[in-house]
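Each chain, written out:
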Amino acid sequence: MAGAGGGGCPAGANDLQWCFSQVKGAIDEDVAEADIISTVEFNYSGDLLATGDKGGRVVIFQREQENKSRPHSRGEYNVYSTFQSHEPEFDYLKSLEIEEKINKIRWLPQQNAAQFLLSTNDKTIKLWKISERDKRAEGYNLKDEDGRLRDPFRITALRVPILKPMDLMVEASPRRIFANAHTYHINSISVNSDHETYLSADDLRINLWHLEITDRSFNIVDMKPANMEELTEVITAAEFHPHQCNVFVHSSSKGTTRLCDMRSSALCDTHSKFFEEPEDPSSRSFFSEIISSISDVKFSHSGRYMMTRDYLSVKVWDLNMESRPVETHQVHEYLRSKLCSLYENDCIFDKFECCWSGSDSAIMTGSYNNFFRMFDRNTRRDVTLEASRENSKPRASLKPRKVCTGAKRKRDEISVDSLDFSKKILHTAWHPAGNVIAVAATNNLYIFQDKVN
Amino acid sequence: MEVQKEAQRIMTLSVWKMYHSRMQRGGLRLHRSLQLSLVMRSARELYLSAKVEAHEQTEVPSLPARSPDPRLHPLREAQAAAEAASPDGEQPCSEPMDTQEAPRAEETPARCTPHPAKVSRKRRSSSLSDGGDAGLVPSKKARLEEEAEEGASSEVPDRLQPPPAQAEGAFPNLARVLQRRFSGLLNCSPAASPTVSPPACEGKPACRPADNMLNVLVRAVVAF
């Protein structure tokens, strides 16, 4: 019954129960590829939750204000805005289609009434402004109430238009388009703590942008070898430090992570710190190289730690120690003997993400069979939970799941061979301040909250 | 033998995946191609070392010859355990991949180290970094075709045949070359083996055919 402690929980209460709150998305067995969620991200306050899908759409949910008449029900997330962020494009030079799938969404900190977010596909990053309109001007001089232009000769008197309330309308408009800067496929974007710049990373290069300038970017990391035949590693993820605007990390397909300081040189090909855990020779196997590839890297909110996710484990690193991680958590070690089959069905290439809780006391990542795992760093306990329609009664507690590896299967356990590898949870997000989590299971978005005792 | 077959299977599968990934929307993905080529290389090394072993075992049935290379010393214990385990027929076909090939894979470089740098020097004139037409230059293509014909290509599995018919886009030649290379590999006749397995002591020249394959596959990566 181990839950995960986190920010916002009452002092002394470390027994959290995760409960189902909501699920968004169609129930159909036949899932359209375009509806598959490809990224999930809370904004800085946690009031907004954005999802991107393979069809290039962005859906933003907003948390309702807590209802005083029902104090025990937390605010629900309802659709706030939906828009088409990216469309499929065609690169004529290479005869390639550019997918509209949204790879990442990152919110900007709120500075005025409007909200801003960056969304990216494989090649182009866009800055979207999401603004509310709840007033409308009425009483124009030159046009009628229904918009038709009035004949100027008929206007005999002038009046000042008056603002009248209207139904809330949320508009999304693209304010900047950052294009043509990446030869390879963009895998990460990260907003800097200076709130003016951001980075975008593809397989071999990382570029630094200014949010106001779209026709120029600075290349800060270039891993392309002079001779592509000597290519041995690619960049898999990158992120800015949450507080130090000159520091960022990038992870590689070889299982290494480099921390770079932009003050040291303009081109950060040489790292300031190099995080690598020496490989355990006893666990070396045929697929060792590809399962050591890091699929996600995230700084803790404190900025003191970072977390890397490879295929079978998630590791927490102290930024002051490069030689080995301070914590290693096995996500689904029972898959280690199944790597060959996972290679055959392409699951071994799945890129799982990971996230920190608001207080950094817990971490979460996804697995197969719609399972996701949470690790409490203080109590050292971990739990496996499932996102499924069966457990979707309002405020129903989630029961911990267990995968059995041996021959003897207990009643509630599921055997490794029964796992559904088509149901994978790659994207999860944790509310920055409270115990609310969003879990993307194919085309459905599950929202879980802790039970108020 | 099981190990060899498994290695072949993985190699074929990897090539198929590599080819298939070109057909995906969004084109060839660099990271995926790199991972596939890593697996292919490991499978190739395993296959070659298994083949060498098979040779040795037929020649010297009493003791498998292993040169005590000091570099491989840490692996010898694991290797001895693996060798002791290999006659054990209980292990399923797929499991050896995960546990036994590591020592062998490590050992193969000692015998015939592929020298990508050396090979690439010769191929620099056919650099594909401009990313445009990624067809092979005539001289290299001629050599590859010649080598492919050394191996009889009588038994081409059905699943490799459709791809050349669909070959299009940037690599019209790649698919044909891949098909020919693999028809040679998959053919179990001894005529095919000289093109693939190097005799133990003739390091580089005999390795080159397999190297070409890997280079050709890497070129799929290069074009992007």
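Sequence order as written defines residue numbering, which begins from 1 separately in each chain. As a convention, the first chain written is A and the first ligand written is 1, with the rest following in written order. Local features in this predicted model are restricted to residues of pLDDT 70 or higher, and side-chain atom pairs are both shown and tallied only at a pLDDT of 80 or more, whereas totals for entire chains, interfaces and linings draw on every residue. Excluded from the side-chain calculations are hydrogens and water; all other atoms, namely the structure's heavy atoms, are used.

The name an unreviewed UniProt entry assigns to chain B is Immediate early response 2, from the organism Rhinolophus ferrumequinum. UniProt lists a comment for chain B under the heading Sequence similarities (unreviewed entry), and it reads "Belongs to the IER family." UniProt positions are given in the numbering used here, feature names are shortened, and annotations may be inferred rather than shown by experiment.

Labelled according to an unreviewed UniProt entry, chain A appears under the name Serine/threonine-protein phosphatase 2A 55 kDa regulatory subunit B, originating from Rhinolophus ferrumequinum. Here is the UniProt Sequence similarities (unreviewed entry) comment for chain A, exactly as written: "Belongs to the phosphatase 2A regulatory subunit B family."

Enquirer: Just give me the short version of the overall build of chain A, but keep the residues and values in it.
Expert: The way it works is that DSSP assigns letters per residue, a run of H or I at least four long becomes a helix, a run of E at least two long becomes a strand, and they are numbered from the N terminus. Helix and strand counts for chain A come out as two helices and 32 strands. Projected onto the principal axes, the alpha-carbon positions of chain A cover approximately 90 × 60 × 45 Å. Burial classes: relative accessible area under 20% of the type maximum marks a residue as buried, over 50% as exposed, and values in between as partly exposed (1.4 Å probe, protein chains only). Looking at chain A as a whole, 53% of its 453 residues qualify as buried. By definition, residues are in contact when any of their heavy atoms lie within 4.5 Å. Here the analysis covers contacts within chain A between residues at least 6 apart in sequence; of these, 55% occur between residues at least 24 apart.

Enquirer: Tell me about the pattern of salt bridges, and name the residues and values.
Expert: All names here are of chain A. We define a salt bridge as a contact between a side-chain nitrogen of Lys or Arg and a carboxyl oxygen of Asp or Glu at a distance within 4 Å. Evaluated as defined, the whole model comprises 35 salt bridges over all chains. As a salt-bridge pair, Arg148 and Asp146 come within 3.6 Å of each other at their nearest N and O atoms. As far as the burial class goes, Arg148 and Asp146 line up, both exposed. In this structure, a network of salt bridges that share partners links the residues Asp35, Asp53 and Arg57.

Enquirer: Pulling in residues and values, what's your account of the side chain of Ser313 of chain A?
Expert: Residues and elements named next belong to chain A. Counting through the fold element by element, Ser313 comes out in strand β22 (residues 313-318). Of the residues examined, Ser313 reaches a relative accessible area of 6% and is grouped as buried. As used in this structure description, the phrase polar contact means that two N or O atoms lie within 3.5 Å; if the pair is within protein, one of them must be able to donate a hydrogen and the other to accept it, and residues adjacent in sequence are counted only when both atoms belong to side chains. In this structure the side chain of Ser313 is engaged in a polar contact, spanning 3.0 Å, whose partner is the side chain of Asp310.

Enquirer: Residues and numbers for helix α2 (residues 30-59) of chain B, please.
Expert: By this rule, a helix spans an expected 1.5 Å times one less than how many residues it contains. Taking 1.5 Å of rise per residue, the 30 residues of α2 of chain B would be expected to cover 44 Å, and the 43 Å separating its terminal C-alpha atoms lies within 8% of that figure. Along α2 of chain B, 23 of the 30 residues are buried, which leaves the element largely enclosed by surrounding structure.

Enquirer: Run through the side chain of Ser251 of chain A, naming residues and quoting values.
Expert: All names here are of chain A. Mapped onto the fold, Ser251 is located in strand β17 (residues 247-252). Polar side-chain contacts of Ser251 include one of 2.8 Å to the side chain of Thr236. Contacts of Ser251, omitting those with residues within four sequence positions, involve Val234, Ile235, Thr236, Ala237, Thr256, Thr257, Ile294 and Val297.

Enquirer: Tell me what's going on with the sheet that holds strand β27 (residues 382-386) of chain A, and back it up with residues and numbers.
Expert: Hydrogen bonds between backbone groups are what pair the strands of a sheet, and the pairing can be parallel or antiparallel. Residue and element names in this part refer to chain A. Note on pairing: two strands pair once DSSP finds at least 2 bridges between them. As summarised here, the arrangement of the four strands in space is β24-β25-β26-β27, forming an open sheet in which the pairing is antiparallel. Looking at which strands have only one partner, the edges of the open sheet turn out to be β24 (354-356) and β27. Across this sheet, the average inter-strand angle for adjacent strands is 20°, counted without regard to direction. Judged from the five bridges that link them, strand β25 (residues 362-366) and strand β26 (residues 371-376) form a sheet pairing that is antiparallel. In the sheet register, Thr365 faces β26, and the bridge partner there is Arg373. Helix axes are fitted only over the stretch in contact, all axes being lines through C-alpha atoms; the angle between N-to-C directions runs from 0 to 180 degrees.

Enquirer: Give a detailed account of empty space enclosed by the protein, specifying residues and quantitative values.
Expert: Using a 1 Å grid laid over the protein atoms alone, points where a 1.4 Å probe fits but cannot get out form a cavity; open sets with protein on both sides within 12 Å along at least 5 of 7 lines form a pocket; any residue with an atom within 4 Å of a point counts as lining. Grid points are joined across faces, edges and corners, and a volume is the space filled by probe spheres set on the points. The final tally for this structure, using the stated rule, is ten cavities of 30 Å³ or more. In this structure, the largest cavity encloses a volume near 130 Å³. Looking at the largest cavity, it is lined by 14 residues, and the ones nearest its centre are Leu96, Lys123, Thr183 and His185 of chain A together with Gly26 of chain B. Counting residues per element, the lining of the largest cavity draws most heavily on strand β7 (residues 96-98) of chain A, which supplies three residues. Residues are grouped as follows: Ala, Val, Leu, Ile, Met, Phe, Trp, Tyr, Cys and Pro are nonpolar; Asp, Glu, Lys and Arg are charged; every other residue, Gly included, is polar. Here the residues of the lining of the largest cavity are counted per class, giving six nonpolar, three polar and five charged.

Enquirer: Now, about the confidence of the model for chain B: what can you tell me, with residues and values included?
Expert: All names here are of chain B. Per-residue pLDDT for chain B averages 54, and the proportion of residues at 70 or more is 26%. For every residue, the predictor reports its confidence as pLDDT, a number between 0 and 100. Ranking the elements of chain B by mean pLDDT puts helix α10 (residues 193-196) last, at 38, and helix α1 (residues 2-22) first, at 91. Predicted confidence for residues 184-212 stays below pLDDT 50, and this span has 54 contacts to residues more than four positions away or in other chains. Here the predicted complex carries an ipTM of 0.88, next to a pTM of 0.75.

Enquirer: Please provide a residue-by-residue account of the environment of Ser359 of chain A, values included.
Expert: All names here are of chain A. Within the secondary structure, Ser359 sits in the loop between β24 and β25. A sequence separation of 248 residues divides Ser359 from Gln111, and the C-alpha atoms of the two residues are 24 Å apart. Among the polar contacts listed, one links the side chain of Ser359 to the side chain of Ser361, at a separation of 3.1 Å.

Enquirer: Give me unusual backbone geometry: which residues, what numbers.
Expert: All names here are of chain A. For Asn370, which is not a glycine, the phi torsion comes out positive at approximately 60°. Here Asn370 lies in the loop between β25 and β26. One non-glycine residue, Thr442, lies in positive phi territory at about 55°. Position of Thr442 among the secondary structure elements: in the loop between β31 (436-441) and β32 (444-450). Looking at Thr442, the relative accessible area reads 23%, which means it is partly exposed.

Enquirer: Break down the confidence of the model for chain A for me, citing the residues and quoting the values.
Expert: Averaged over all residues, the pLDDT of chain A is 92; the fraction at 70 or higher stands at 94%. A low-confidence stretch, residues 1-14 of chain A (pLDDT under 50), is modelled with 34 contacts involving residues beyond four sequence positions or located in other chains.

Enquirer: Provide a residue-level description of the sheet that holds strand β8 (residues 104-107) of chain A, including the pertinent values.
Expert: Residue and element names in this part refer to chain A. The strand order across the open sheet formed by four strands is β8-β9-β10-β11, and the pairing between neighbours is antiparallel. One side of each edge strand has no neighbouring strand; the edge strands of this open sheet are β8 and β11 (162-178). Here the average twist between neighbouring strands, direction ignored, is 25°. As defined by bridge partners, strand β10 (residues 125-138) adjoins β11 across 13 bridges and the pair is classed as antiparallel. The residue of β11 that forms the bridge with Ile125 is Phe178.

Enquirer: Describe the interface of chain A and chain B, and please don't skip the residues or the numbers.
Expert: It is common to give the size of an interface as the accessible area that goes away when the parts come together. Contacts between the two partners involve 37 residues from chain A, matched on the other side by 38 residues from chain B. Using a 1.4 Å probe, buried area is obtained as the accessible area two parts lose upon being combined, added over both of them. Summed over both partners, the interface of chain A with chain B comes to about 3500 Å²; 56% of that surface belongs to carbon and sulfur atoms. Among the residues of chain A in contact with chain B, Glu229, Phe286 and Tyr343 of chain A are the three that bury the most area, contributing 23% of the side total. Taken together, the links from chain A to chain B amount to seven salt bridges. Where chain A touches chain B, the interface holds 14 residue pairs in polar contact (both at pLDDT 80 or more). When residues of the side of chain A that touches chain B are traced back to their parent elements, those giving at least two are β7, α1 (288-291) and α2 (339-344) of chain A. Broken down by class, the residue content of the side of chain A that touches chain B amounts to 14 nonpolar, nine polar and 14 charged.

Enquirer: Lay out the pairing of strand β16 (residues 235-240) of chain A in plain terms, naming residues and giving numbers.
Expert: Residue and element names in this part refer to chain A. When you tally the buried positions in β16, you get six out of six residues, the bulk of the element. For β16 and β17, the ladder comprises five bridges, and the chain directions are antiparallel. Considered in β17, the bridge of Ala238 is made with His250.

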